[in-house]
Amino acid sequence: MTESKDFASFIDKLLSKNCPFALWAVPGSNIPEILISCNEELVYPAQFNKLNGQEGFIFAPYHIEENTPLVLLKPGIYKKGVEDIMGIGLGQIQNEEKYEEPGEHSFVISQPEYLTDIAETIAEIKRTKLAKVIVSRLIPFQRQQESLGEVFLQLHRQTPKAFVYLVNLPKAGLWMGATPEILLKSEGKTLETVSLAGTQSRRNDGDYMWHTKEIEEQAFVSRYLLDVFYKFNIHPYYTQGPETLESGKVAHLSTSFRFAAKKLAFNLGDFIAELHPTPAVCGYPKSKAAKFISQVEKHNRRYYTGYLGPWRLNGNVGLFVNLRCMEILPQQYVLYSGGGITARSVPEDEWEETNKKATTLLSAIEAVQNR
Ligand SMILES: C=C(O[C@H]1C=CC=C(C(=O)O)[C@@H]1O)C(=O)O
């Protein structure tokens, strides 16, 4: 897929129609998949647990609000593979009106402001029972005339092990990302969820050493997943890790948890509602962390740290946490990047970490802009 110039221009033509669609490639796969729906095939479930019994592609926000609804694209035109996708007659797809612009993304904070926020976050952690909290920030980047189809293909070329996507939806907007974090994935009769946290720069020699800060940070996520397993009576389960997972210019600690899918045959939606948001994107304990985030972050996370992916589409569930993502506005890209803060955090290192995470997207955009 990555070689095809024609495919990039197909994606651009589809975007010019402005119809609702989700285009994605699962980790390790070179085969893109697309779901194009018409407006009538979009559903806006009022709560996360209303996904029980539904089917399609989910684009879920961090919080469901009026401006950030939970969106389910019901199965419309579904195709897999470049040839089949390009075989879709664009003439049969209706042109949709331009979506309403989301509100101003004016809450871009400076480095000194960010450092102050992180210092206050660390002080709060030391003073209270809050153990870990994810603090994020926005990174704007100017758009030029570059093809978004080419940016998508470049992103896939650079991060083949991530879930790479492009989603265009009324009410949600236009988003692109390459996320390494599985929220819930089915494989035959097995379900898998993953605890992912802790970050360091990617190494060429693969010789990773993990420090206490990252080990603890990831352990909070694993502990939380096990709390949820207990509530849903999920046992036995099989774990693998913690092990290093490389993604883009960074590497994380990752533990995989697998269990029999029949445990959640009738309440998968409830399970997701309980799981989201995990301490990989919110913190620990969860309600304290969520409250702290709403005070410290001046921007709205919108769909960043939500989740997305096929939901029982052809029998498969493949949900990923929406990280390393950006909203695409007419004049600029708005990247979202965050990191887990604990008592052991150093503000300047956290700033660097958010920059490093953003290079996943920035290097793909720049590669296309500099062609
Ligand atoms: C919140 C983000 O990453 C999460 C996932 C992996 C590692 C993380 C960390 O080391 O802080 C974060 O928990 C992000 O990329 O914006």
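Procedures and definitions
- Residues numbered from 1 in each chain as written.
- Predicted model: local features only at pLDDT ≥ 70, side-chain atom pairs only at ≥ 80, totals over all residues.
- Heavy atoms only, no water.
- Helix = DSSP H or I, 4+ residues; strand = E, 2+ residues; numbered from the N terminus.
- Rg over C-alpha atoms; globule rule 2.2 N^0.38 Å.
- Buried < 20%, exposed > 50% of the residue type's maximum accessible area, 1.4 Å probe, protein only.
- Contact = heavy atoms within 4.5 Å.
- Areas by Shrake-Rupley, 256 points an atom, 1.4 Å probe, with all protein chains shown as cover.
- Lys, Arg positive; Asp, Glu negative; His and termini not counted.
- Charge placed at Lys NZ, Arg CZ, Asp CG, Glu CD.
- Near = heavy atom within 4 Å.
- Polar contact = N/O pair within 3.5 Å; in protein donor to acceptor, adjacent residues only side chain to side chain.
- 1 Å grid on protein atoms, 1.4 Å probe; cavity = no way out; pocket = protein on both sides within 12 Å on 5 of 7 lines; lining within 4 Å.
- Sits in = over half its atoms within 2 Å of the grid points.
- Nonpolar A, V, L, I, M, F, W, Y, C, P; charged D, E, K, R; others polar.
- Core = buried A, V, L, I, M, F, W, Y, C linked by side-chain atoms within 4.5 Å.
- Points joined across faces, edges and corners; volume = space filled by probe spheres on them.
- Pairing = 2+ DSSP bridges.
- Axes fitted to C-alpha atoms, helices over the stretch in contact; angles between N-to-C directions.

A. Geometry of the overall build of the chain. Tallying secondary structure elements over the chain gives eight helices and 18 strands in all. Computed over C-alpha atoms, the radius of gyration of the chain comes to 20 Å, within 12% of the 21 Å expected from 2.2 N^0.38 for 371 residues, which places it in the range of a compact globule. Projected onto the principal axes, the alpha-carbon positions of the chain cover approximately 60 × 50 × 45 Å. For the chain, with 371 residues in total, the buried portion stands at 57%. Of the contacts made within the chain by residues no fewer than 6 positions apart, 74% connect residues no fewer than 24 positions apart. Of the accessible surface of the chain, which amounts to about 16,100 Å², a share of 49% is contributed by carbon and sulfur atoms. The positive charge centre, built from 40 side chains, and the negative charge centre, built from 43, are 5 Å apart in the chain.

B. Geometry of the site of the ligand. Looking at the ligand, there are 18 residues lining it, with Thr199, Ala280, Tyr304, Arg324 and Gly340 nearest. The side chain of Thr199 places a nitrogen or oxygen atom 2.5 Å from an oxygen atom of the ligand. Within the side chain of Tyr304, one N or O atom sits 2.6 Å away from an oxygen atom of the ligand. If the ligand stood free it would expose 390 Å²; the protein chains cover 100% of that surface. Of all the cavities here, the one that holds the ligand is the largest cavity. Secondary-structure elements contributing two or more residues to the shell around the ligand are strand S11 (190-201), strand S18 (332-341) and helix H8 (347-369). Of the residues belonging to the shell around the ligand, the class tally is six nonpolar, seven polar and five charged.

C. Quick peek at the nonpolar core. Within the largest apolar cluster, 58 residues are counted, with the highest numbers of intra-cluster contacts made by Phe57, Ile58, Phe59, Tyr165, Phe271, Tyr307 and Trp311. Ile58 has contacts with Leu51, Leu70, Val71, Leu72, Tyr307, Leu308, Gly309, Trp311 and Leu319, leaving out every residue within four places of it along the chain.

D. Spatial organisation of the environment of Leu264. Here Leu264 is to be found in the loop between strand S13 (250-260) and helix H6 (268-275). C-alpha separation for the pair Leu264 and Lys126, spaced 138 residues apart in sequence, amounts to 38 Å. Apart from residues lying up to four places away in sequence, Leu264 is in contact with Leu191, Phe232, Ile234, Phe259 and Phe271.

E. Up close: empty space enclosed by the protein. Going through the model one piece at a time under the given rule, you end up with two cavities of 30 Å³ or more. What the largest cavity holds in volume is close to 230 Å³. For the largest cavity, the lining is made up of 22 residues, of which Ala280, Leu323, Arg324, Gly338 and Lys357 are closest to its centre. Mapped onto the lining of the largest cavity, the elements with two or more residues apiece are strand S7 (132-142), S11, S18 and H8.

F. The sheet that holds strand S2 (residues 33-36), seen in detail. Strand order in the open sheet made by the nine strands is S6-S2-S1-S8-S9-S17-S18-S7-S14, with antiparallel pairing throughout. Of all the strands in the sheet, just strand S6 (77-80) and strand S14 (283-284) have a single pairing partner and so form its edges. Sheet strands in contact with helix H4 (residues 148-158) are strand S1 (21-25), strand S8 (163-169), strand S9 (173-179), strand S17 (325-328) and S18, and its direction is about 20° off that of S9. This element, helix H7 (residues 286-296), spans S7 and S14 of the sheet and lies at about 35° to S7.

G. Fine view of the sheet that holds strand S5 (residues 71-73). In space, the nine strands of this open sheet follow the order S3-S5-S4-S15-S16-S10-S11-S13-S12, with antiparallel pairing throughout. The sheet is open, and its two borders are formed by strand S3 (42-43) and strand S12 (238-247), each paired with just one other strand. Examined bridge by bridge, S12 and S13 share eight bridges and lie antiparallel to one another. Across the sheet, the residue bridging to Thr244 is Leu253, located in S13. Along the sheet, helix H5 (residues 212-231) makes contact with S11, S12 and S13, crossing S11 at roughly 160°.

H. Focus on the environment of Asn316. On the secondary structure map, Asn316 appears in strand S16 (residues 316-321). A residue is classified by how much of its surface remains accessible, and Asn316, at 44% relative accessible area, is partly exposed. Measuring from C-alpha to C-alpha, the distance between Asn316 and Val368 comes to 33 Å, with 52 residues separating the pair along the chain. Residues contacting Asn316, with those up to four places away along its chain left out, are Ser186, Pro310 and Trp311.

I. Structural context of the pairing of S2. Neither face of S2 is left uncovered, since the one carrying Glu33 and Leu35 and the one carrying Ile34 and Ile36 both have all their residues buried. Pairing between S1 and S2: four bridges, direction antiparallel. Within the sheet, the bridge partner assigned to Leu23 lies in S2 and is Ile34. Alignment of S2 against S6, held across four bridges, turns out to be antiparallel.

These values are about where atoms sit, not about what they do.
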